[in-house]
Amino acid sequence: MNKQKIMGVINLIHETDELDKLTQGRCTATVPFGSRYRLIDFTLSNMVNSGISEVGIFVHRRYRSLMDHIGSGKSWDLQHRQSGLFVLPPITDDVQELSRGDLFHFYQNRDYFLRSAPEYVLITRSHMVCNIDYRKVLKYHIEKQADISVICFRSDEPVLGKARKVRMDDDGRVTEIQDSYGRMVSDYSNMEMYLMKKELLMDLVETSLAKGQDHLVRHAILSKLNELKVYGYVHEGFLAVVNTINSYYGNSMKLLQPEVWRSLFYEPAPIYTKVKDGPPARYTNDADVSRSIIANGCLIEGKVHNSILFRGVHVHKGAVVEDSIIMQNGVILPNSSVTCSIFDKDVILEENRVVKGVKSGPYLAGKRRVI
Amino acid sequence: MVRKEMIAMLLAGGEGKRLGVLTKDLAKPAVYFGGKYRIIDFTLSNCVHSGLDTVGVLTQYQPLELNRYLGIGTPWGLDRRDGGMTILPPYMQKAGGVWYKGTANAIYQNIPYIERYEPDYVLVISGDHIYKMDYELMLQQHKERNAAVTIAGIEVDWKEASRFGLMHIDEDYNITGFEEKPKIPTSNLASMGVYIFNWDVLKSYLIADEKNPMSTNDFGKDVIPAMMNDNLKLNCYIFDGYWKDVGTIDSLWEANMDLLEDQPSLDLGDPQWRIYSVNPNQPAQFIEAGASVTSSLVSEGCFIEGDVKRSVLFYGVSVGEQSTITESVIMPKVTIGKHVQIYRAIIGDGAVIEDYAVIGSPDSVEVTVIPVGEHIKARENLMGVE
């Protein structure tokens with residue numbers, strides 16, 4: 001009944017990372033997002049909710065925070081005998097090898113693929129934040145008799161963040177994919193989620209490497225759009241591309257629209273994250289909160305407007321937080337104000353201070369800063 | 001089997017009659033408390049923080065929901081290779097199966113379970129109370145004073161003393177007498193229902209008690225008095241902290257309200273003493289423009305567009321525009337429409353309160369209770385009805 005058809009691979013090798021201080025001590029996958037999550041929670045939860053219970057994570061750099069966050073995979077129900085979560089670090093003798101393409105990584109781990117039972121493999125990245133049922137993608141893939149299905153997002157306005165562009169014909173067959181800086185104009189963005197048979201992936205890995213090519217998408221897929229039947233599956237629902245500071249800020253602010261909050265966190269299925277066991281958020285008599293997302297463990301004695309507070313944030317009396325994102329355990333002391341800012345974890349804003357950014361360029365305070 | 005110095009036996013079979021509709025399909029320890037917890041989370045967390053890793057949970061009344069909640073004890077870190085949590089329902093024996101006849105009989109029937117761990121001491125607690133207590137300190141005192149039994153006691157307000165089982169002690173904290181809910185109390189030292197026994201002593205008394213056909217097989221009524229009679233050393237451990245029996249609607253409501261003080265006497269946020277519970281997997285709460293939330297506890301997954309004052313909201317509650325909620329406890333996944341007014345109420349989980357409904361009244365003294373899953377329409381104006 002629940003026989004595994006798809007295995008998942010979350011590929012963190014060479015992820016676009018223009019997140020500045022947010023990725024100083026962590027990888028993109030563990031950047032906190034949406035008041036209590038890390039970016040990787042979304043794709044990981046999507047996989048689990050779609051019945052994928054064999055998941056490999058190709059980690060690359062600064063993955064200590066990822067190991068800490070993922071643990072045994074319990075929070076995602078991936079610690080079972082019948083399921084498996086594998087964190088696969090680079091197999092390398094030489095630091096230089098880290099700069100080589102991701103195909104090497106696939107090649108080095110081919111035993112992992114060959115040993116797994118599922119027929120299909122879904123390859124994703126961590127910075128595409130959405131809530132999606134991958135079973136629908138498989139259905140589409142089979143209907144279209146596609147070799148590869150790539151998940152796309154349609155939007156009239158340019159998406160925040162950096163994403164490849166996709167052009168497809170009326171049937172949905174992909175005719176062209178260009179990098180984000182390319183000049184091609186298209187309503188479709190590439191969500192960097194590829195579904196194909198495991199057999200095809202192994203073949204692409206070996207033939208591409210043999211030709212001296214070492215990047216999965218750029219070489220193995222992009223150069224074969226004519227030979228292979230690559231189809232675009234269009235994702236309905238919310239998408240946040242989170243790989244630049246502006247896209248981080250802009251997309252976070254979009255969560256403050258109730259329909260986006262509902263769609264991203266509930267539809268079609270819930271998003272899981274590491275359990276923290278904090279108490280419910282506490283609002284005192286002086287609390288003044290509107291249009292904000294507040295996590296458990298917060299203590300609010302001041303004013304919070306149009307903002308996102310992560311777990312355990314303390315906003316003291318007389319303090320004001322506006323248009324800002326305050327990550328875990330941030331403390332805003334009395335009579336200070338924060339506007340258009342992003343505070344990484346454990347930032348303390350001393351009394352009577354004013355911190356102000358602008359919407360097009362939010363002020364960013366690194367982890368554990370005291371201002 | 002690894003030997004354990006002390007194991008805990010948690011009595012969780014209580015029916016909680018006085019909680020009325022809230023315990024219709026639910027054992028009392030599984031009743032919700034404090035915005036995200038169930039009552040039993042407090043004792044289980046106490047066990048784990050006190051270094052106890054072997055807990056037998058004795059269930060009897062309406063165990064389905066409780067069993068599902070407890071699982072194999074994972075949220076409390078009690079899914080252990082040696083020991084951990086074991087759910088102990090009444091079971092069939094060759095001579096036929098019987099219900100747990102009383103608290104002492106419940107332990108008696110599980111002597112084989114306890115013996116597997118060869119403990120020196122057994123901690124007997126119940127899953128009906130809200131408190132944070134380090135049982136290890138109590139055990140230390142038990143050993144230092146060479147007691148056969150140590151009973152935890154707390155000084156309560158004289159005005160309320162007649163609600164409790166009271167103890168008299170001498171200057172060495174030895175217990176000299178008991179009074180069960182006396183009309184005119186002569187002591188204000190209430191028994192917390194937390195006992196540490198030397199296992200060999202307890203075992204012999206349980207066996208003797210079982211043989212006595214006159215006994216009601218209850219700790220408070222039979223076993224402890226028998227030990228008193230035999231002049232065993234019964235010592236009292238004085239607990240200084242927050243403790244509340246949430247056995248009635250009023251006390252459950254009050255205990256929730258206690259959490260809303262500026263400096264609550266029960267700190268739920270202590271990182272060294274987290275109260276563990278099953279994670280409901282909900283996104284962070286959304287407070288809409290035009291909403292107002294003051295002096296309240298609000299949990300994950302809530303969506304608030306109305307006015308919330310001095311209230312406790314569990315996870316997944318939605319409150320529509322122009323609705324006001326005052327001095328109330330709203331249990332998980334309650335949907336509250338627009339222009340609703342709720343005063344001094346406990347709303348059972350999953351209830352739906354439609355637009356323009358009014359529950360309770362601003363000057364009501366009684367706490368209104370809406371049963372689990374109930375559907376309340378606008379014209380039903382419930383005022384102080386249980």
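Not measured: the values here are computed from a predicted model.

Would you take a moment to explain the nonpolar core for this structure?
As a rule of thumb, nonpolar side chains are buried together in soluble globular proteins. Counting residues in hydrophobic clusters, the biggest one holds 72 residues, and the most contacted among them are B:Met133, B:Tyr135 and B:Val194. Counting residues per element, this core draws most heavily on helix H1 (residues 39-49) of chain B, which supplies six residues. When sequence neighbours within four positions are dropped, the list of residues in contact with B:Met133 reads B:Asn46, B:Ser50, B:Met138, B:Ala152, B:Met192, B:Val194, B:Tyr237, B:Phe239 and B:Trp273. One finds A:Val313, A:Ile371, B:Ile304 and B:Ala351 within the second-largest nonpolar core, a separate group that totals 46 residues.

Mind showing me how you'd approach the interface of chain A and chain B here?
How big an interface is tends to be reported as the loss of accessible area on association of its parts. With 36 residues of chain A in contact, the opposing surface of chain B contributes 39 residues. For the pairing of chain A and chain B, the buried interface totals around 3,000 Å² over both sides, and the portion due to carbon and sulfur atoms is 51%. Considering only the side of chain A, the residues that lose the most area to chain B are A:Asp277, A:Arg282 and A:Tyr283, jointly responsible for 22% of the buried surface there. Connecting chain A to chain B are two salt bridges. Residue A:Lys74 pairs with B:Asp79 through a salt bridge whose shortest N-O separation is 3.3 Å. Viewed at the interface, chain B and chain A are joined by 20 residue pairs in polar contact (both at pLDDT 80 or more). Sorting the residues of the side of chain A that touches chain B by element identifies helix H9 (258-266), strand E14 (281-283), strand E15 (288-290) and strand E16 (292-294) of chain A as the ones contributing at least two each. Here the side of chain A that touches chain B takes five residues from H9(A), the largest share from any one element. Counted by class, the side of chain A that touches chain B contains 20 nonpolar, nine polar and seven charged residues. Pairing geometry for E14(A) and strand E16 (residues 296-298) of chain B, over three bridges, is antiparallel. Bridge assignment links A:Ala281 to a residue of E16(B), and that residue is B:Val298.

Just to check I follow, could you spell out the pairing of strand E9 (residues 165-169) of chain B for this structure?
Moving residue by residue along a regular strand, the side chains alternate between the two faces of the sheet. Residue and element names in this part refer to chain B. Here E9 runs beside strand E10 (residues 175-180); their pairing, made up of five bridges, is antiparallel. For His168, the partnering residue across the bridge sits in E10 and is Gly177. Counting the residues that bridge the hairpin from E9 to E10 gives five residues, and of these Tyr173 lies at a positive phi of roughly 65°.

Help me out: how do you make sense of unusual backbone geometry in this one?
Trans is the prevailing form of peptide bonds, just as negative phi is the prevailing case for residues other than glycine. With omega at 5°, the peptide bond leading from A:Glu267 into A:Pro268 counts as cis. The residue A:Pro268 is located in the loop between H9 and E14 in this model. Positive phi, normally seen in glycine, also occurs at A:Asp323, with a value near 50°. Under the relative-accessibility criterion, A:Asp323 is labelled buried at 11%. Phi is positive for B:Asn281, which is not a glycine, with a value near 50°.

What is the right way to look at helix H8 (residues 249-258) of chain B in this model?
Side chains that are three or four residues apart share a direction in an α-helix, a result of its 3.6 residues per turn. Residues and elements named next belong to chain B. Counting buried residues in H8 gives eight out of ten residues, a clear majority hidden from the surface. Turning to H8, its buried residues number three or more, namely Ile249, Ser251, Leu252, Trp253, Ala255, Asn256, Met257 and Asp258. On its buried side, H8 packs onto strand E2 (32-33), strand E13 (243-245), strand E19 (312-313), strand E22 (329-330), strand E25 (345-347) and strand E28 (368-370).

Got a minute to help me understand the sheet that holds strand E29 (residues 375-376) of chain B in this structure?
Backbone hydrogen bonds hold the strands of a sheet together, and the pairing may be parallel or antiparallel. Here eleven strands make up an open sheet; going across it, the order is E28(A)-E25(A)-E22(A)-E19(A)-E16(A)-E14(B)-E17(B)-E20(B)-E23(B)-E26(B)-E29(B) and the pairing mixed. The open sheet has two free edges, formed respectively by strand E28 (363-365) of chain A together with E29 of chain B, since each of these has just one partner strand. As defined by bridge partners, strand E22 (residues 325-326) of chain A adjoins strand E25 (residues 341-343) of chain A across two bridges and the pair is classed as parallel. Pairing of A:Ile326 across the sheet is with A:Phe343, part of E25(A).

Honestly, the pairing of strand E5 (residues 84-88) of chain B in this entry has me stumped. Any pointers?
All names here are of chain B. By the bridge criterion, five bridges tie strand E4 (residues 54-58) to E5 in an arrangement that is parallel. Of the residues in E5, the one forming a bridge with Val55 is Met85. In this region the chain leaves E4, passes through helix H2 (residues 63-70) and returns to the parallel neighbour E5; the handedness of that crossover is right-handed.

So what exactly am I meant to see when it comes to the state of the cysteines here?
Residue and element names in this part refer to chain B. By the definition in use, this model includes zero disulfides over all chains. Here Cys47 stays unpaired: no disulfide links it, and the sulfur of Cys236, its closest cysteine neighbor, is 19 Å away. Judged by relative accessible area, which is 0%, Cys47 ranks as buried. The class of Cys236 is buried, set by a relative accessible area of 0%.

Just to check I follow, could you spell out the packing of aromatic side chains for this structure?
What describes a pair of aromatic rings is the distance from one ring centre to the other and the angle between the planes of the rings. Residue and element names in this part refer to chain A. One pass over the full model with this rule turns up 26 aromatic pairs over all chains. Summarising the aromatic geometry, the rings of Phe42 and Phe265 are spaced 6.3 Å apart at their centres and angled 40° between planes, so their arrangement reads as tilted. Taken together, the residues span a long stretch of sequence, with Phe42 in helix H1 (residues 39-49) and Phe265 in helix H9 at a distance of 223 residues. Like Phe42, the residue Phe265 is buried in the burial classification. One aromatic cluster is present, built from ring pairs that chain together Phe33, Tyr37, Phe42, Tyr248 and Phe265.

Can you help me understand the pattern of salt bridges in this one?
Note on pairing: side chains with opposite charge can pair once their charged atoms come close. Here the structure, examined in full by the defined rule, presents 32 salt bridges over all chains. Residue A:Lys144 is joined to A:Asp171 by a salt bridge in which the shortest nitrogen-to-oxygen separation is 2.9 Å. Taken together, the residues A:Lys144 in the loop between helix H5 (134-143) and strand E8 (148-154) and A:Asp171 in the loop between strand E9 (165-168) and strand E10 (174-178) connect sequence positions 27 residues apart. For A:Lys144, a relative accessible area of 24% translates into the label partly exposed. Take A:Asp171: its relative accessible area is 39%, and that puts it in the partly exposed class. A salt bridge links B:Glu254 to B:Lys244, with the shortest nitrogen-to-oxygen separation between them at 3.2 Å. Of this pair, B:Glu254 sits in helix H8 while B:Lys244 sits in strand E13, and the two are ten residues apart along the sequence. Salt bridges here are not isolated pairs; linked through shared partners, they connect A:Arg154, A:Asp156 and A:Asp187.

Scoring rules and cut-offs
Residues numbered from 1 in each chain as written. Chains lettered and ligands numbered in written order. Predicted model: local features only at pLDDT ≥ 70, side-chain atom pairs only at ≥ 80, totals over all residues. Heavy atoms only, no water. Core = buried A, V, L, I, M, F, W, Y, C linked by side-chain atoms within 4.5 Å. Buried < 20%, exposed > 50% of the residue type's maximum accessible area, 1.4 Å probe, protein only. Helix = DSSP H or I, 4+ residues; strand = E, 2+ residues; numbered from the N terminus. Contact = heavy atoms within 4.5 Å. Buried area = accessible area lost by both parts, 1.4 Å probe. Salt bridge = Lys/Arg side-chain N within 4 Å of Asp/Glu carboxyl O. Polar contact = N/O pair within 3.5 Å; in protein donor to acceptor, adjacent residues only side chain to side chain. Nonpolar A, V, L, I, M, F, W, Y, C, P; charged D, E, K, R; others polar. Pairing = 2+ DSSP bridges. Right-handed = clockwise from strand over helix to strand, strands pointing away. Disulfide = S-S within 2.5 Å. Phe/Tyr/Trp six-rings, centres within 6.5 Å; stacked < 30°, edge-to-face > 60°.

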